[in-house]
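Observations on the three-dimensional arrangement
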Amino acid sequence: MKAHHSIPAQYCFALDFNNYNERIVHYSNISVLYYQFSTSVFNETIVIADGCADFQFCCDDGCQSAILWGSVITPTTINYQQEKMYCGIRISTSVSRRLSFIPYAEIINLGIPLGAVIKDDSCLLDDLTLAVSFSSRIKILENWLKESGALDGYKVDLIDYCIDKIINSHGTKRITDISNDIGISERLLRKKFNKSIGMSPKQYSRIVRFQNIISDVLYGESFQKNNHTDFMGFSYYDDSHLIKDFKFFTQMTPSCFLEKMLDINLTRNDASDLIK
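Attention here is on the structure that accompanies the text. Numbering of residues starts from 1 in every chain and runs along the sequence as written. Reporting of local features is limited, given that this is a predicted model, to residues whose pLDDT is at least 70; pairs of side-chain atoms are given and counted only at 80 or more, and all residues count toward the totals for whole chains, interfaces and linings. Hydrogens and water molecules were not included; the side-chain quantities draw on all heavy atoms of the structure.

Observations regarding the overall build of the protein
Under the convention used in this document: Going along the chain from the N terminus, every DSSP run of H or I of four or more residues is numbered as a helix, and every run of E of two or more is numbered as a strand. Here the term buried applies to any residue with accessible area under 20% of the maximum for its type, exposed to any over 50%, and partly exposed to those in between, with areas from a 1.4 Å probe on protein chains only. Contacts were defined at the residue level, with two residues in contact if any of their heavy atoms lie within 4.5 Å.
On a plain count of helices and strands, the protein comes out with 10 helices and nine strands. Counting all 276 residues of the protein, 51% fall into the buried class. Within the protein, contacts between residues separated by at least 24 positions form 73% of all contacts whose residues are at least 6 apart in sequence.

What about the environment of Leu-124?
One can find Leu-124 in helix 3 (residues 122–130). On the basis of relative accessibility, which here comes to 6%, the residue Leu-124 falls in the buried class. Note: C-alpha distance between Leu-124 and Asn-143 (19 residues apart in sequence) is 9.7 Å.

A word on the packing of aromatic side chains
Short version of the rule: Aromatic contacts are taken between Phe, Tyr and Trp rings whose centres are within 6.5 Å, Trp giving its six-membered ring; a plane angle under 30 degrees counts as stacked, one over 60 as edge-to-face, and the others as tilted.
This model, assessed by the stated rule, comprises 20 aromatic pairs. Between Phe-13 and Tyr-80, the ring centres sit 6.4 Å apart and the planes meet at 80 degrees, which makes this aromatic pair edge-to-face. Pair noted here: Phe-13 is in helix 1 (residues 12–16) and Tyr-80 is in the loop between strand 6 (76–79) and strand 7 (85–91), with a separation of 67 residues, a long-range link. Taking relative accessible area as the criterion, Tyr-80 reaches 8% and is therefore assigned buried. Plain terms: the ring middles of Phe-17 and Phe-37 are 5.0 Å apart, the flat faces sit at 15 degrees to each other, and that makes the pair stacked. Separated by 20 residues along the polypeptide, Phe-17 in the loop between helix 1 and strand 1 (18–26) and Phe-37 in strand 2 (residues 31–38) bring together distant segments of the chain. Both residues of the pair, Phe-17 and Phe-37, belong to the buried class.

As for the side chain of Ser-94
Stated formally: Each polar contact in these results corresponds to two N or O atoms within 3.5 Å; when the atoms are within protein, one needs to be able to donate a hydrogen and the other to accept it, and residues that are neighboring in sequence are counted only if both atoms are side-chain atoms.
Here Ser-94 shows up in helix 2 (residues 93–96). Looking at Ser-94, its side chain comes within polar contact range of the side chain of Asp-160, at 2.3 Å.

Side note on the packing of helix 5 (residues 158–168) against helix 8 (residues 201–219)
How we decide: Geometry is summarised by axes, namely lines fitted to C-alpha atoms with helices restricted to the contacting stretch, and by angles between N-to-C directions that run from 0 to 180 degrees. Helix crossings fall into two classes, left-handed where the near helix is turned counterclockwise from the far one by less than a right angle and right-handed where it is turned clockwise. When residues are grouped by polarity, Ala, Val, Leu, Ile, Met, Phe, Trp, Tyr, Cys and Pro land in nonpolar, Asp, Glu, Lys and Arg in charged, and all others, Gly among them, in polar.
At a minimum axis distance of 9 Å, the contact between helix 5 and helix 8 shows a crossing angle of 35 degrees. At the point where helix 5 passes helix 8, the crossing takes the right-handed sense. Of the residues in helix 8, those touching helix 5 at Ile-163, Ile-166 and Ile-167 are Pro-201, Tyr-204, Ser-205 and Val-208. The residue inventory of the contact of helix 5 with helix 8, partitioned by class, reads six nonpolar, one polar and no charged.

A closer look at helix 9 (residues 239–250)
We apply this condition: Here a helix's expected span is defined as the number of its residues, less one, multiplied by 1.5 Å. To obtain the arc, one takes the directions from the helix axis to the C-beta atoms.
Taking 1.5 Å per residue as the helical rise, helix 9 with its 12 residues ought to reach 16 Å, and the 16 Å between its terminal C-alpha atoms agrees with that figure. When helix 9 is considered as a whole, its buried residues turn out to be Leu-242, Asp-245, Phe-246, Phe-249 and Thr-250. Projected down its long axis, helix 9 shows its buried positions confined to an angular sector of 105 degrees, all on one face. Exposed positions of helix 9 whose direction lies more than 90 degrees from the buried face are Ser-240 and Lys-244. Looking at the buried positions of helix 9, the neighbouring elements they touch are helix 8 and helix 10 (254–261). One or two steps after helix 9, the chain reaches Gln-251, where phi turns positive at roughly 65 degrees.

With respect to unusual backbone geometry
Phi angles above zero are rare outside glycine, and His-170 is one such case at about 60 degrees. Along the chain, the position of His-170 falls in the loop between helix 5 and helix 6 (175–182). Positioned with a positive phi, Gln-251 is a non-glycine residue whose angle comes to about 65 degrees. Assignment of secondary structure puts Gln-251 in the loop between helix 9 and helix 10.

Overview of the nonpolar core
To keep things clear, this is the line we draw: Throughout this description, the term nonpolar core refers to a set of buried Ala, Val, Leu, Ile, Met, Phe, Trp, Tyr and Cys residues connected via side-chain atoms within 4.5 Å.
One finds Tyr-34, Phe-57 and Ile-89 to be the most contacted residues of the largest nonpolar core, which totals 84 residues. Sorting elements by how many residues they give to this core places helix 8 first, with eight residues. Those residues within four positions of Ile-89 in sequence are excluded, and the remaining contacts are Val-32, Leu-33, Tyr-34, Tyr-35, Ala-53, Asp-54, Phe-55, Phe-57, Leu-141, Trp-144 and Leu-145.

Given below as structure tokens:
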């Protein structure tokens with residue numbers, strides 16, 4: 001899995017809101033996760049660290065909004081408007097850091113109005129509001145991404161190489177080994193990574209390692225949520241390390257997390273190259 005095709009999960013929207021749907025689309029050079037959900041009178045959720053940027057749109061007539069979210073580092077409560085329809089786009093870390101209108105490192109732990117960094121997209125919000133299905137909203141968002149240039153190709157650099165190594169090792173690759181492979185000092189790699197991603201390679205590796213567990217619980221066929229409670233083998237060496245990360249990233253123990261996940265039915269539908 002290349003860095004620009006890896007899209008982490010956010011289980012919170014399916015857990016706390018209604019009618020959550022998602023679809024990951026694999027284009028020739030990147031992958032994009034599209035999703036939508038409806039809030040209820042309960043209008044808040046807790047997002048977890050994923051290293052990615054999200055574009056979220058409230059597509060309800062009279063209450064339209066567009067927010068660009070950077071990744072959080074620790075579990076963070078996000079408030080939404082009550083009983084409204086939202087749709088969103090999540091792009092990989094590798095693509096997030098190439099946002100042309102704002103340095104990605106500057107929006108870690110932040111959500112900013114999209115209109116503050118790009119030209120007014122009121123027509124986009126109107127189109128999303130008028131759309132009657134998830135599929136039609138995906139088409140609208142695809143066209144917007146295409147026109148914005150977000151799906152254009154790019155030259156892979158050393159940060160992409162570093163992200164690839166971290167993702168393909170499920171977060172276990174030593175940063176010293178990566179810096180040696182690249183041929184630069186570990187100190188310089190940390191500096192460049194921090195500037196581009198907004199966190200250290202070690203922090204990002206920890207997120208990737210934990211997200212590997214999340215993805216297997218939510219989408220992995222081999223992980224039986226009804227009776228499988230053994231998380232070992234997911235790049236963790238002991239129970240205390242595993243429990244520590246679960247509490248850090250989700251504010252839950254592993255057993256509590258599994259119990260919560262039994263309440264949701266989440267399927268990541270795949271599609272390829274819808275943009276021609």
